[in-house]
Amino acid sequence: MSKVLGFSGGDDFCPRGSIYANPKEASFFLPLGPQVDVYFPPRKRSRVNAPFVFDGEWFEQKQKTTIEALPDECLFEIFRRLPAGEDRSACACVSMRWLKLLSSICKDEICVNKSEEVKSEKEGDDVEFGGEGYLSRSLEGKKATDVRLAAIAVGTSSRGGLGKLSIRGSNMVRGVTSFGLKAVARGCPSLKVLSLWNVAAVGDEGLIEIANGCHQLEKLDLCKCPSISDKALIAIAKNCQNLTELSLESCPNIGNEGLRAIGKFCSDLRSISIKDCTGVSDQGIAGLFSSASLVLTKVKLQALTISDLSLAVIGHYGKSITDIVLNCLPNVSEKGFWVMGNGNGLQKLKCLTIASCRGVTDIGLEAVGKGSPNLKTAHLHKCAFLSDNGLISFAKAASSLESLRLEECHRITQFGFFGVLINCGAKLKAMSLMSCYGFKDLNLSLPTVSPCESLRSLSICNCPGFGNASLSVLGKLCPQLQHVELSGLVAVTDAGLLPLLESSEAGLVKVNLSGCTNITDKVVSSLANLHGWTLENLNLDGCKNISDASLMAIAENCALLCDLDVSKCTITDAGIAALAHAEQINLQILSLSGCTLVSDRSLPALRKLGHTLLGLNIQHCNAINSSTVEELVELLWRCDILS
């Protein structure tokens, strides 16, 4: 002890005196109290915060050592041995360095024992899955960052990883780059669906990592990704051979080489969509279809510089194609459509959409109709050179046609329209005309023909030349109509609509007369009397001559009506009261938008209707006070109210 305390006895020990030059040093070893035969002034005891090293008369604080001093290699080995996914997620929140290390660990590098695997499976039971049955995440705008992607990859890796990832846009300051996709590729090898929209900072490196790490990828959607080129698409083709759907839009660096690789390696490809990719030409389309045509069923080509050669290849090799969309192909001529139709390869085609293609002429479209014996649906949009004769020839050639939609085809007139109805009377079920300005309301005398018994749905929208004379003929040709939409036809009056209503034998189910400003209560009363037993949906939006008399007729006859729109009509409180007092009415949707004569007095009637209402629109009903609206919201708690 004498050596430790620094004295040898005898004269060195002084009663009533300290044995240390500095009395504070004794406080580390000797307790303070009256029983000790030493003296020094009372002082506060020192607090020890860290390890100290004894050196002479003073203690010196030792430098603190933490886990941050370990190199990345050591931390990597520690992290991959963490027992549970929750632990890895917690560590990812510590620092950016830890998050990057954790996100760089591939799933097969994680050391997990069997007990932890069972635990992670149980934890996965509480996870919300997408409609496809696997984990789904979507990042948009400011939320789309590399840090968030890395965190998602780490957090979902213990639960099977992501199955679907969608990125829309990117953070302007810290946007998504290839680093974020690398983290996803390593942590989510089971990724099946990837969608990248408007992420300019993502290049080939990131998508190649996806190709190398996510071999189960089935759907790939790239839109406005200028930094991704054929190199990345070739890697996807070679490593993700389960790919079934591919969509490319506004990717200028993706061209023919990438498409050829897709056609060569992705034998299960069933859907391809290419839009506004300036690097794609006939060689790419030919390479794709000549290899993948056996299973490819859906094709969409839009805003491309391809020529007649591409359509010839499709017409020859597209033996499995069922749906095809050709939109804005300025270099395709009449010859291209003619060759496609005569290639005998479109035997299974069921749905055809052609828009803004100058090559669609009477001859070309007729050839397509002849070469597609199973065609059921056709949509022709902005076909400037298609005439009545071509339309009728197409309808005759496409013997299985069930639905035809014409939009902005201004050379089509009443002759073409009624010609289709006469020549496709056996199978045509639906026909639609939209914004076709070639119609003129002429008094036509059609030959005696059998009516079009198969037509069930007719839609004519914003065709100003379609009037009463055309409607009168239409009623005689189509007695089995159930769905009728005549919107924006300002030339139609009661005289044209009444014959159509009277000739309908099957009973109308859905009727849309929105924008027909010249019809009156007489039409609605006739409709309610003749078809009230089948009518379920009625739209009178903007019919300014419709008044309470129409609502009274509806209340009395339309027991099955569930959706009624009388927006901007001259409806008053009396009409609403009539609806409320109907014995069998079962309204679920009621729109009174812009009915300025409906006031607070309708509150009791609306409350009564609220027993069945699920949606109520009272926007721009200026006579209804805000207090009444609040009361309605409180009373009709199960009804969505727009005010």
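Above this note sits the structure.
Nothing here was measured: the structure is a model prediction, and the numbers come from that model.

Engineer: Give me the lowdown on the overall build of the protein, citing residues and values where you can.
Structural biologist: Scanning the protein from terminus to terminus reveals 23 helices and 22 strands. When burial is assessed residue by residue, the protein has 49% of its 643 residues classed as buried. Considering only contacts in the protein between residues 6 or more positions apart, those separated by 24 or more positions represent 81%.

Engineer: Tell me about helix H17 (residues 468-477), and name the residues and values.
Structural biologist: Summarising burial for H17: eight of the ten residues are buried, a large majority. The inward-facing, buried residues of H17 contact helix H16 (414-423), strand S15 (457-461), strand S16 (483-487) and helix H18 (494-503).

Engineer: Give me the environment of Ile641: which residues, what numbers.
Structural biologist: Summarising the element assignment, Ile641 is placed in strand S22 (residues 640-642). Taking the C-alpha atoms as reference, Ile641 lies 9.8 Å from Ser591; in sequence the two are 50 residues apart. Contacts of Ile641, omitting those with residues within four sequence positions, involve Leu616, Ile618, Leu632, Val633 and Leu636.

Engineer: Residue-level account of the packing of aromatic side chains, with values.
Structural biologist: In this structure the tally under the stated criterion is four aromatic pairs. With a centroid separation of 6.1 Å and an interplanar angle of 75 degrees, the aromatic rings of Phe417 and Phe439 are classed as edge-to-face. Here the residue Phe417 occupies a position in helix H16, and Phe439 occupies one in the loop between strand S14 (430-434) and S15, the gap between them amounting to 22 residues. Take Phe417 and Phe439: they sit in the same class, and that class is buried. Residues Phe439 and Phe466 carry aromatic rings whose centres are separated by 5.6 Å and whose planes lie at 55 degrees to one another, so their mutual orientation is tilted.

Engineer: Tell me what's going on with the nonpolar core, and back it up with residues and numbers.
Structural biologist: Buried together is how nonpolar side chains tend to be arranged in soluble globular proteins. If you look at the biggest cluster of nonpolar residues, it comprises 168 residues, and the most contacted ones within it are Phe417 and Met431. Among the elements that line this core, the one with the most residues is helix H9 (residues 230-239), at five residues. Look past the residues within four positions of Phe417 in its chain and what remains in contact with it is Met431, Leu433, Phe439, Leu458, Ile460, Phe466 and Leu474.

Engineer: Describe a nonpolar patch on the surface, naming the residues involved and giving the relevant values.
Structural biologist: Together, Ile67, Leu70 and Ile78 give the surface a local cluster of nonpolar side chains, amounting to about 210 Å² of exposed area. Relative to the helices and strands, Ile78 is located in helix H2 (residues 72-79). The class of Ile78 is partly exposed, set by a relative accessible area of 37%.

Engineer: Can you tell me about helix H15 (residues 388-397), naming the residues and giving the values?
Structural biologist: The periodicity of an α-helix, 3.6 residues per turn, causes residues three or four positions apart to be oriented the same way. A large share of H15 lies buried, amounting to seven of its ten residues. Every buried residue belonging to H15 is among Asp388, Gly390, Leu391, Ile392, Phe394, Ala395 and Ala397, and all of these are buried. Where H15 is buried, its residues contact helix H14 (362-370), strand S12 (377-381), strand S13 (403-407) and H16.

Engineer: Before we move on, can you summarise the packing of helix H12 (residues 308-317) against helix H13 (residues 334-341) with the specific residues and values?
Structural biologist: Packing of H12 against H13 brings their axes to within 7 Å, and their N-to-C directions diverge by 10 degrees. Relative to H13, the element H12 is oriented roughly parallel. Across from Asp308, Leu311, Ala312, Ile314 and Gly315 in H12, the residues of H13 making contact are Lys335, Gly336, Phe337, Val339 and Met340. Looking at side-chain class alone, the contact of H12 with H13 contains six nonpolar, two polar and two charged residues.

Engineer: Give me the lowdown on the pairing of strand S9 (residues 298-302), citing residues and values where you can.
Structural biologist: In this sheet, S9 lies alongside strand S8 (residues 271-275) in parallel orientation, the contact comprising five bridges. Across the sheet, the residue bridging to Ser271 is Lys298, located in S9. In this structure, S9 lies alongside strand S10 (residues 323-327), joined through five bridges in parallel fashion. Opposite Val299, over in S10, you have Ile324 as the bridge partner.

Thresholds applied
Residues numbered from 1 in each chain as written. Predicted model: local features only at pLDDT ≥ 70, side-chain atom pairs only at ≥ 80, totals over all residues. Heavy atoms only, no water. Helix = DSSP H or I, 4+ residues; strand = E, 2+ residues; numbered from the N terminus. Buried < 20%, exposed > 50% of the residue type's maximum accessible area, 1.4 Å probe, protein only. Contact = heavy atoms within 4.5 Å. Phe/Tyr/Trp six-rings, centres within 6.5 Å; stacked < 30°, edge-to-face > 60°. Core = buried A, V, L, I, M, F, W, Y, C linked by side-chain atoms within 4.5 Å. Patch = residues over 30% accessible without salt bridge, like charges linked within 9 Å, V, L, I, M, F, W, Y side chains within 5 Å. Areas by Shrake-Rupley, 256 points an atom, 1.4 Å probe, with all protein chains shown as cover. Salt bridge = Lys/Arg side-chain N within 4 Å of Asp/Glu carboxyl O. Axes fitted to C-alpha atoms, helices over the stretch in contact; angles between N-to-C directions. Parallel < 35°, antiparallel > 145°, perpendicular 65-115°, else oblique. Nonpolar A, V, L, I, M, F, W, Y, C, P; charged D, E, K, R; others polar. Pairing = 2+ DSSP bridges.

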